[in-house]
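Listed below are the residues making up each chain.
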Amino acid sequence: MALERTFSIIKPDATRRNLTGAVNAVIEGAGLRIVAQKRIKMTRDQAETFYGVHRERPFFGELVEFMTSEPVVVQVLEGEGAVAKYREIMGATNPANAAEGTIRKQFALSVGENSVHGSDSVENAAIEVAQFFSGNEIVG
């Protein structure tokens, strides 16, 4: 399996409850390295660009409002098969369906407030990373 990078967001519902360290512990415990991380207040433009694929969906406005409501933590994770590994440790989008020990099972409040985002492909990870990080901010 190849060394990969993926993108992660610790969402407002988790940062509001001071869960950044707990989420990071799960990430690192699964063997992924956090090679870049910063706490930001996502702007409306950033959120609308990031979630642009959902623009026509009925939940788009609510999603943008949520993601801009409070700070988030954006991250670059690195490891063997990082995209698939992070998706596995995040758990199902609906925390009721998430496996025990996953981030969403442990910390998510609902389908909407599901604590984390992770890239769904290596290609999308590169796009998402580039939206929030410049190359010199990633130190592996």
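By convention here, each chain's residues receive numbers from 1 onward along its written sequence. Residues qualify for local features only when their pLDDT is at least 70, as the model is predicted, and side-chain atom pairs are given and counted only at 80 or more; totals for whole chains, interfaces and linings, by contrast, use all residues. Computation of side-chain values: all heavy atoms of the structure, hydrogens and water removed.

Asker: Tell me what's going on with the UniProt feature "domain: Nucleoside diphosphate kinase-like" (unreviewed entry) in the chain, and back it up with residues and numbers.
Answerer: Those places that UniProt annotates as "domain: Nucleoside diphosphate kinase-like" (unreviewed entry) correspond, in this numbering, to residues 3–140. For helices the rule is a DSSP run of H or I covering at least 4 residues; for strands it is a run of E covering at least 2, with both sets numbered from the N terminus onward. Helix makes up 40% of residues 3–140 and strand makes up 20%, while its end C-alpha atoms are separated by 11 Å. UniProt positions are given in the numbering used here, feature names are shortened, and annotations may be inferred rather than shown by experiment.

Asker: Pulling in residues and values, what's your account of helix 7 (residues 122–132)?
Answerer: All of the buried residues along helix 7 are Ala125, Glu128, Val129 and Phe132. Axial view of helix 7: buried residues confined to an arc of 100°, hence all on one face. Across from the buried face of helix 7, at angles greater than 90 degrees, the exposed residues are Glu123, Ala126, Ile127 and Ala130. Of the surrounding secondary structure, the elements contacted by the buried residues of helix 7 are strand 1 (3–10), strand 2 (33–40), helix 3 (44–50), strand 3 (72–80), helix 5 (82–90) and strand 4 (116–118). Only protein chains enter the accessibility calculation, which uses a 1.4 Å probe. A residue is then buried if its area is under 20% of the maximum for its type, exposed if over 50%, and partly exposed in between. In this description, the arc belongs to the directions extending from the helix axis to the C-beta atoms. Contact criterion: two residues are considered in contact whenever any of their non-hydrogen atoms come within 4.5 Å of each other.

Asker: Residues and numbers for the layout of surface pockets, please.
Answerer: In this structure, the largest pocket occupies an estimated 720 Å³ of space. Cavity means a closed set of points on a 1 Å grid over the protein atoms alone, one where a 1.4 Å probe fits but cannot get out, pocket means an open set with protein on both sides within 12 Å along at least 5 of 7 lines, and lining means a residue has an atom within 4 Å of a point. Considering the residues around the largest pocket, the lining is formed by 27 residues, among which Lys11, Tyr51, His54, Leu63 and His117 are closest to the centre. Elements with a minimum of two residues in the lining of the largest pocket: helix 3, helix 4 (60–67), helix 5, strand 4 and helix 7. Residue polarity is assigned by list, with Asp, Glu, Lys and Arg as charged and Ala, Val, Leu, Ile, Met, Phe, Trp, Tyr, Cys and Pro as nonpolar; anything else, Gly included, falls into the polar class. Here the residues of the lining of the largest pocket sort into ten nonpolar, ten polar and seven charged. Grid points are joined across faces, edges and corners, and a volume is the space filled by probe spheres set on the points.

Asker: I'd love a proper account of the nonpolar core, names of residues and values included.
Answerer: Counting residues in each nonpolar core, the largest one holds 21 residues, and the members touching the most others are Phe7, Ile9, Met67, Val74, Phe132 and Phe133. Within the residue set of this core, elements represented by two or more residues are strand 1, strand 2, helix 3, helix 4, strand 3 and helix 7. Apart from the residues within four sequence positions on either side, Phe132 is in contact with Phe7, Lys38, Ile40, Met42, Gln46, Phe50, Val74 and Glu137. Within this scheme, the nonpolar core is defined by two criteria: the residues are buried Ala, Val, Leu, Ile, Met, Phe, Trp, Tyr or Cys, and they are joined through side-chain atoms within 4.5 Å. Counting 16 residues, the second-largest nonpolar core is a separate cluster that includes Val23, Leu32, Leu77 and Ile103.

Asker: Tell me about the side chain of Glu128, and name the residues and values.
Answerer: The residue Glu128 is located in helix 7 in this model. Buried within the structure, Glu128 lacks any salt-bridge partner; its nearest side chain of opposite charge belongs to Arg87, at an N-O separation of 7.7 Å. Side-chain atoms alone can form a polar contact between residues adjacent in sequence; in general such a contact is a pair of N or O atoms within 3.5 Å, and within protein one must be able to donate a hydrogen while the other accepts it. Among the polar contacts made by the side chain of Glu128, one reaches the side chain of His117 at a distance of 3.1 Å. With near-sequence residues (within four places) excluded, Glu128 lies in contact with Phe7, Phe50, His117 and Ser119. Only four residue types enter the charge count: Lys and Arg as positive, Asp and Glu as negative, with His and the chain ends excluded. Salt bridges, as used here, are contacts in which a Lys or Arg side-chain nitrogen is within 4 Å of a carboxyl oxygen on Asp or Glu.

Asker: An account of the UniProt feature "binding site: ATP" (unreviewed entry) in the chain is requested, with residue identities and associated values reported.
Answerer: Mapped onto this structure's residue numbering, the UniProt feature "binding site: ATP" (unreviewed entry) falls at Lys11, Phe59, Arg87, Thr93, Arg104 and Asn114. Among the residues just listed, Lys11, Phe59, Arg87, Thr93, Arg104 and Asn114 line the largest pocket. Relative to the helices and strands, Phe59 is located in the loop between helix 3 and helix 4. Tracing the chain through its elements places Asn114 in the loop between helix 6 (103–107) and strand 4.

Asker: An account of the packing of aromatic side chains is needed here, citing residue identities and associated values.
Answerer: Two aromatic rings from Phe, Tyr or Trp, using only the six-membered ring of Trp, form a pair when their centres are within 6.5 Å; if the ring planes differ by under 30 degrees the pair is stacked, by over 60 it is edge-to-face, and anything between is tilted. What the rule picks out here adds up to four aromatic pairs. Seen in terms of ring centroids, Phe7 and Phe132 are 5.5 Å apart; in terms of plane orientation they differ by 10°. Their pairing is stacked. Remark: Phe132 occurs in helix 7 and Phe7 occurs in strand 1; sequence separation between them is 125 residues. You'll find Phe7 and Phe132 in the same group, each marked buried. In this structure an aromatic cluster arises from ring pairing among Phe7, Phe50, Tyr51 and Phe132. A cation over an aromatic ring shows up here: Lys38 above the ring of Phe133, its NZ or CZ 4.8 Å from the ring centre. Both a distance and an angle decide whether a charge sits over a ring: NZ of Lys or CZ of Arg must be within 6 Å of the ring centre and within 35 degrees of the ring normal.

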